[in-house]
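Coordinates in review
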Amino acid sequence: MASTVSDRPGYGQLLRTPGAWTFLLPGFAARQPFAMLTIGIVLLVQHTTGSYGSAGAVAAVSGVSMALFAPQSGRLADRFGQRAVLVPGVLVHGAAVGTLTALALADAPLWALFLAAVPTGASIPQVGPMVRARWAALLGAAPGRPASPLMSTAAAFESVTDEFTFVIGPVLATALCTGVHPAAGLVAEAALTLLGGVLFAAQRSTQPAPNGAATASEPHRSALTVPGVRVLAITFLGIGSVFGGMQVSLTAFSEEIGRPGANGLLYGVFAAGNMLAGIACGAVVWKSSPRRRLVVGYVALTLTASGLWAVHSVPLLAGLGLLVGLCIAPALISGYTLVEALVPASARTEAFTWLTGAVALGQAAAVTVAGQLADAYGASTGFVVPLAGTALALVTLLALRSRLTPRAPGRTVARGIGHREPVTVD
């Protein structure tokens, strides 16, 4: 397959990869809940408690739980296979979301909501990393077969898909919560998780082979032992602060101006910018290194996020939100490309989940802080959180960017989405 692709691979060629559609469609449905869960919790708990701070705290507990458990889920998927992890996971998640919803509607004490939020977050299926691992299995280098140049296109495609879920998911959850019932967003999230997860797990032909036999003969090293992955995790924490800060602050801003329906529109514009940038990144044949693209993109992200707190009108906030969104996708794509070159192939799903978990952890912290600030000082102060999160992460990235250099040629490195043999053009 790698020998038949053109020198300028594109999305159409990628989607003609044999077996791709069998996991893309159910994978798209199964990853929608990731974008619906936080906003669904915030809207339901805020409705039942009247506090954005409490709503943000419950959502944060769920996010922290996901960030802690996601890498373990990825490690188990690498070792025992995706289906063995995914099927029980979606069943637990459906039950946990149902419990959290029932407790919130029953006006249960906050500590009970915190307890229910732990399994809710811990059981979120890591479908995005699993889809990336399937692309890696289909397109990666193997004995007698070079890595396909379509892998960088796959990285961009997955970023676009992730961001498309952040266009649809929050808008759908908001519409259900405000137009049907405050709990409707979480109910839909649980249903999509169960249906999409089971259908995705059923696609066994594209599932990467478990490496349990290989890991039995030699110790398994966590992807987090790689210094570059730790730097990327901190970088992705900052990106998570943008997602979390925007979700709560846009919700509070819409309520503050008496236009709650504007929340879904504003967040949709922000996410649309992210998606459009991802599409463009996949269409460009880059000559600069992914490390340089990550640094440049992150500087732009920090600068655009710095003005959010000063904007007080819907059109201006939508425009600046669009610019912030345009800066996120290049950073995400570059980060996923780098981690593929830094991490051993046997830990690729775990590596993806560390980054996904870092985004969730940053989002959880941002939701908590932004909620408290919005309650105490107004919606605009919540927008300080994306600025602070990206600025701190940018300082770390600039100071430790040398650790993002892949191993020298001739050494065994990871293969997967976005990685190819060292060449001038990335």
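Values in this document were obtained by computation on a predicted structure and should not be read as measured data.

Assigned secondary structure in the protein chain consists of 16 helices and 0 strands. Counting over 426 residues, the protein chain shows a buried share of 57%. Considering only contacts within the protein chain whose residues lie at least 6 apart along the sequence, 84% involve residues at least 24 apart. Approximately 16200 Å² of the protein chain is accessible, and the part contributed by carbon and sulfur atoms is 68%.

A word on helix 4 (residues 82-105). Helix length check: helix 4 (24 residues) gives 34 Å between terminal C-alpha atoms against 34 Å at 1.5 Å per residue, within 8%. Among all positions in helix 4, only Gln82, Val85, Leu86, Gly89, Val90, His93, Ala96, Val97, Leu100, Thr101 and Ala104 are buried. On its buried side, helix 4 packs onto helix 2 (20-49), helix 3 (52-80), helix 5 (110-122), helix 6 (127-139) and helix 8 (184-201).

Next up on the list: the environment of Val314. Along the chain, Val314 falls in helix 13 (residues 314-342). Dropping the residues within four chain positions of it, Val314 is found in contact with Phe253, Ile257, Arg259 and Leu266.

This paragraph deals with the packing of helix 4 against helix 5. As a packed pair, helix 4 and helix 5 sit with axes 8 Å apart at the nearest point and diverge in direction by 165°. One element, helix 4, and the other, helix 5, form an angle in the roughly antiparallel class. Regarding helix 4 and helix 5, the two cross each other, and that crossing is left-handed. Here helix 4 contributes His93, Ala96, Val97, Thr99, Leu100, Leu103 and Ala104 to the contact with helix 5, which in turn contributes Ala112, Leu113, Ala116, Ala117, Pro119 and Thr120.

What follows concerns the packing of aromatic side chains. Scanning all chains against the criterion turns up 4 aromatic pairs. A centroid spacing of 6.5 Å and a plane angle of 85° characterise the contact between Trp135 and Phe157, whose relative ring orientation is edge-to-face. Of this pair, Trp135 sits in helix 6 while Phe157 sits in helix 7 (residues 150-179), and the two are 22 residues apart along the sequence. The residues Trp135 and Phe157 share a single accessibility class, namely buried.

Rules and cut-offs
Residues numbered from 1 in each chain as written. Predicted model: local features only at pLDDT ≥ 70, side-chain atom pairs only at ≥ 80, totals over all residues. Heavy atoms only, no water. Helix = DSSP H or I, 4+ residues; strand = E, 2+ residues; numbered from the N terminus. Buried < 20%, exposed > 50% of the residue type's maximum accessible area, 1.4 Å probe, protein only. Contact = heavy atoms within 4.5 Å. Areas by Shrake-Rupley, 256 points an atom, 1.4 Å probe, with all protein chains shown as cover. Expected span 1.5 Å × (residues − 1). Axes fitted to C-alpha atoms, helices over the stretch in contact; angles between N-to-C directions. Parallel < 35°, antiparallel > 145°, perpendicular 65-115°, else oblique. Left-handed = near helix turned anticlockwise from the far one by under 90°. Phe/Tyr/Trp six-rings, centres within 6.5 Å; stacked < 30°, edge-to-face > 60°.

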